[in-house]
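# Chain and residue survey
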Amino acid sequence: MEMPMSILSCAPTLFVAGLLVCATVLSGSEAGEREPAAVTFNRDIRPILSDHCFQCHGPDRHQRKAGLRLDVREDALAIRKGVVAIVPGDPGSSALIARIHNGDADEVMPPPEVDKALTESQKLLLARWIEQGAEYEAHWAFIPPKRPEPPTTSQPDWVRNEIDAFILNRLVAERLQHGPEASKETLIRRVTLALTGMPPTPGEIDAFLADESESAYESLIDRLQLSSRYGEHMASAWLDAARYSDTNGYNNDTPRYNWRYRDWVIDAFNRNLPFDQFLTEQLAGDLLPDATLDQQIATGFNRNHNVTSEGGIIDEEYRLEYVADRVDTTATVFMALTVSCARCHDHKFDPISQKEYYEFFAFFNQVPETGYHHEHVGNPHPVVSAPTDAQRAELLKVEKAIATTRVIEDREQWLIEKQHLEAALPTAMVMQDMEKRRDTFLLMRGAYDKPREKVEATVPAVFPPMPNSMLDNRLGLAKWLVQPEHPLTARVAANRLWYQLFGTGIVDTLEDFGSQGAWPTHPELLDWLATELVRIGWDQKQLLKVIMMSSTYRQHSGATAELLARDPDNVLLARGPRYRLPAEVIRDSALAVSGLLRDRIGGPSVRPYQPPGLWSEVIVADDSYSGGEYVQSKGDDLYRRSVYTWWKRTCPPPGLNTFDAPDREFCTVQRSRTNTPLQALVLLNDPTYVEAARVLASRIASDSTNDTTGLALAFRSVTGRVPKPQEVTVLMAALQSELQRFRADPEAARQLIAVGDSSPPEGVDAVQLAAWSVVCSMLWNLDETITQH
């Protein structure tokens, strides 16, 4: 077969292996074979160039320092020393094709030392793409979302809303069937856990099962979204992203008291503050016209970072660290971008230059703060006095008494009372801007003492520019972020809500929508969700409801062996969600089911059970400086929801940390999800769960007439379903075994039921209660109990 002219005219530096592939690709169409499918840059080519170090090395290894970027069209098509990496339409003349087929270890690309060898199919894709014209396009995440039309389907009866149309279209393309709908028992548990972070009670389950109206499921969602528990649950994940903590971090990790920000977050979710306002108040609430106290408190979002009180530091070095933390957190949380790479050099993967990093940095560089926390303990400045509603009411009452009291002695007593009240008022760490704007400079290699050119606050050029009507401050930045044409904000927010319901995002890398992040599993669905969020006024509750109302979300989570092999991570969503519950949900569920939970919104952080001595390993200096050893709370504070737990960065709550709660030293938008023996040990031995098992056992004993009904009630209270006969048999055997053990060792029974600060009922049979406590403890440890399914 005669070779095409384009190959005969190839430069002599090209290698035979590369020519053979090019010849195969080009000659296929000449021979009358079916035209190869179009290769797209974002879907097919960008992942290859991103994952195999081409950005760093290029096809000529001597071009490394020149910064050749094959994912940048101008670079790839440029002539360098007579060589062109990519010649559109001509793979045979493209140095890239020659290099990826080169057999010489010193010439082949990617170089062997990076251990990123291309597969034959990837090499063929690159050749086909070049042969088809090497069309470039912007990374998908930098293209503003356009509202797609939902595809038509052959199963309209299953399609409840647009989400189902997109999911079903993909399932049909993959030759898969959607799953059956989950039982009502499963659905109420799934939805209640997803919206409140706690399971339904047997009474709530019975009421839902008895409601046979078509609106029963929708009414369930509406009821749960009105619960104050909704805001507490939603806040837990957001506090990870906001890196909220009760200590200042670094080596000294001294206490701070910024719980008014945490309470603002809970309240914002409960009153369904639209996401655009939620974002704006946290980034720039202090800059809003006539900013309220709550709007100022909201800006604590960008004051939650670590602050040092260590001696001998260079103040400016640490102050700039705090600014960099705000930049990274804002970019990660609201745009899912990893901009920190550009602090020292141009971003190697995403279109953000070092200069653009510092231009973005300038928005957050105006806070009147120091790097050194002079007070050591407490909230670093700037702060505002932040009384609660109850405290404000009490102050008004006292001020009114002062104004109306004529007797001098009485008036003095009221003045003293006012002083005491004011001294007890909490403060909140807030953002403020200096009156005279601080200059911002590009820092060479990110070093605090190597300023170069001066820069002004603006946004990276890859995004739509800030309109002239927007001020170049944090408020202007916030308004720019929530413009409908912004390519990232709505997508990132919608993806986060999807993740909270399904356990994985449409983009699996919640923190990175850039070229190194995951490709969306359903790109059109993500764009529909993003545009829908904007269309409904950034209403997060409404978007959660839309997702929950879909047939996709209501599917049974079980899967056949064939489906598990085909789609182990449920990427295609041919079944319902199934994932290990977050740490806070596991603990709060045990408290709620047992009856120990104390429902109270807000207030200072509390200190539940914790093994002794942990803080002694990390605290420094004396108690007045470090905050001292861990002092456990008493009374109702032991049984508050986990969102109120005191969070020490150098020693995060161990019972939560074991279930992957982060230390919150930095922003975390996606927790790890592990399965370890330590987790079982916590559920079996942590006083929280031992005490909860005992209290549940005591309640079961008083509410049931015999062992069989008691076991069934305990099982249903914990798992949300009626046990199968064989499950009751297993539990009964365990109960009898424990009764026999404790009858032989009654002292062990007394010791077990004494665990925890709450007291067992007077005159209780210790052996009976201990045996039932062990059975209830078994239920905490069921996979079904700690899994959303």
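What you are looking at is a predicted structure, and each value in this text was computed from that prediction instead of being measured.

## Description of the packing of aromatic side chains
The geometry of an aromatic ring pair comes down to the distance between the two centres and the angle between the two planes. The full count for this structure, using the stated rule, is 27 aromatic pairs. A ring pair is formed by F275 and W538, whose centres lie 6.1 Å apart and whose planes are at 25 degrees; its orientation type is stacked. In this pair, F275 sits in helix α14 (residues 275-284) while W538 sits in the loop between α22 (523-535) and α23 (540-549), placing the two residues 263 residues apart along the sequence. These aromatic residues form a ring-pair network of at least three members: W238, Y261, W264, F269, F275, F278, F301, F334 and W538. The residue whose ring lies beneath K648 is W615, and the NZ or CZ to ring-centre distance is 4.9 Å. When the ring centre of W647 is taken as reference, the NZ or CZ atom of R664 above it lies at 3.8 Å.

## Examining the pattern of salt bridges
Per the stated rule, a full pass over the model turns up 46 salt bridges. For K355, the salt bridge goes to E453, with nearest N and O atoms at 3.7 Å. In this pair, K355 sits in helix α17 (residues 354-361) while E453 sits in strand β6 (residues 451-455), placing the two residues 98 residues apart along the sequence. The partly exposed category is assigned to K355, whose relative accessible area is 35%. One salt bridge connects K418 with E399, and the closest N-O pair in it is separated by 3.7 Å. Of this pair, K418 sits in helix α19 (residues 408-423) while E399 sits in helix α18 (residues 389-404), and the two are 19 residues apart along the sequence. Overall, the relative accessible area of 23% leaves K418 in the partly exposed class.

## Concerning α14
Across the ten residues that make up α14, a large majority, eight, are buried. Along α14, the residues classified as buried are F275, F278, L279, T280, E281, Q282, L283 and A284.

## As for unusual backbone geometry
Excluding glycine, a negative phi dihedral is what most residues carry, and trans is how most peptide bonds are arranged. The residue after M109, namely P110, is reached through a cis peptide bond having omega -5 degrees. Within the secondary structure layout, P110 lies in the loop between α6 (95-100) and α7 (120-131). Following H381, the chain continues to P382 via a peptide bond in cis, the omega torsion being 5 degrees. The topology assignment puts P382 in the loop between α17 and β3 (383-385). Phi is positive for D290, close to 50 degrees, though the residue is something other than glycine.

## Side note on the packing of helix α16 (residues 315-335) against helix α21 (residues 489-502)
Direction vectors running N to C along α16 and α21 enclose 70 degrees, while the axes themselves pass 7 Å from each other. As far as their axial angle goes, α21 and α16 are roughly perpendicular. Across the interface between the two elements, V333, F334 and M335 from α16 touch T489, V492 and R496 from α21. Residue composition of the contact of α16 with α21, grouped by class: four nonpolar, one polar and one charged.

## Digging into the environment of A424
Residue position: A424 is located in the loop between α19 and β4 (427-429). Taking relative accessible area as the criterion, A424 reaches 56% and is therefore assigned exposed. For A424 and P387, which are 37 residues apart along the polypeptide, the C-alpha to C-alpha distance reads 9.0 Å.

## Here we look at the environment of S215
By the element assignment, S215 lies in the loop between α10 (202-210) and α11 (216-225). For the pair S215 and H139, spaced 76 residues apart in sequence, the C-alpha separation works out to 42 Å.

## Brief notes about the packing of α14 against helix α20 (residues 474-481)
Taken N-terminus to C-terminus, the directions of α14 and α20 make an angle of 160 degrees; their axes are 9 Å apart at the nearest point. It follows that α14 is roughly antiparallel to α20 by the angle criterion. Viewed along their axes, α14 and α20 form a crossing whose handedness is right-handed. Every residue of α20 that contacts α14 at L279, T280, L283 and A284 is listed here: R474, L475, A478 and L481. Class assignment for the residues of the contact of α14 with α20 results in six nonpolar, one polar and one charged.

## A word on the nonpolar core
By size, the foremost hydrophobic cluster in this structure holds 120 residues, and its most contacted members are W238 and L529. Ranked by residues supplied to this core, first place goes to α21 with nine residues. With residues up to four places along the chain from it excluded, the contact list for L529 reads I163, A494, W498, I506, L543 and I547. Judged by nonpolar contacts, the second largest core, of 49 residues, contains A590, Y639, F659 and L696.

## Points about the confidence of the model for the chain
Averaged over every residue, the pLDDT of the chain is 91; the share at 70 or more is 92%. In this model, residues 1-34 is a region of pLDDT below 50 whose contacts with residues beyond four sequence positions or in other chains number 40 contacts. Contacts for the low-pLDDT stretch residues 55-66, under 50 throughout, to residues beyond four places or in other chains number 35 contacts.

So, how was this worked out
Per-chain numbering applies: the sequence of each chain, read as written, is numbered from 1 onward. Reporting in this predicted model follows two pLDDT cut-offs: at least 70 for local features of residues, and 80 or more for side-chain atom pairs to be given and counted; totals over whole chains, interfaces and linings ignore these cut-offs and use all residues. With hydrogens and water excluded, all non-hydrogen atoms of the structure serve as input to the side-chain values. Aromatic pairing here means that ring centres of Phe, Tyr or Trp (its six-membered ring) are within 6.5 Å. Orientation follows from the plane angle: under 30 degrees is stacked, over 60 is edge-to-face, and everything else is tilted. The numbering of helices and of strands both runs from the N terminus, where a helix is a DSSP run of H or I of at least 4 residues and a strand a run of E of at least 2. For a lysine, the NZ atom is tested; for an arginine, the CZ atom; a charge sits over a ring if that atom is within 6 Å of the ring centre and within 35 degrees of the ring normal. Salt bridges are defined by distance alone: a side-chain nitrogen of Lys or Arg within 4 Å of a carboxyl oxygen of Asp or Glu. To sort residues, take the accessible area from a 1.4 Å probe on protein chains only and compare it with the maximum for the residue type: under 20% means buried, over 50% means exposed, and anything in between is partly exposed. Orientation is described by axes fitted as lines to C-alpha atoms, over the contacting stretch for helices, and by angles from 0 to 180 degrees between their N-to-C directions. In this scheme, roughly parallel covers angles under 35 degrees and roughly antiparallel covers those over 145, while 65 to 115 is roughly perpendicular and the rest are oblique. Here, residues are in contact when the closest pair of their heavy atoms is within 4.5 Å. Residue polarity is assigned by list, with Asp, Glu, Lys and Arg as charged and Ala, Val, Leu, Ile, Met, Phe, Trp, Tyr, Cys and Pro as nonpolar; anything else, Gly included, falls into the polar class. Should the near helix be turned counterclockwise from the far one by less than a right angle, the crossing is left-handed, whereas a clockwise turn marks it as right-handed. By convention a nonpolar core is built from buried Ala, Val, Leu, Ile, Met, Phe, Trp, Tyr and Cys residues, the set being connected through side-chain atoms within 4.5 Å. As a per-residue measure, pLDDT tells how confident the predictor is, with possible values from 0 to 100.

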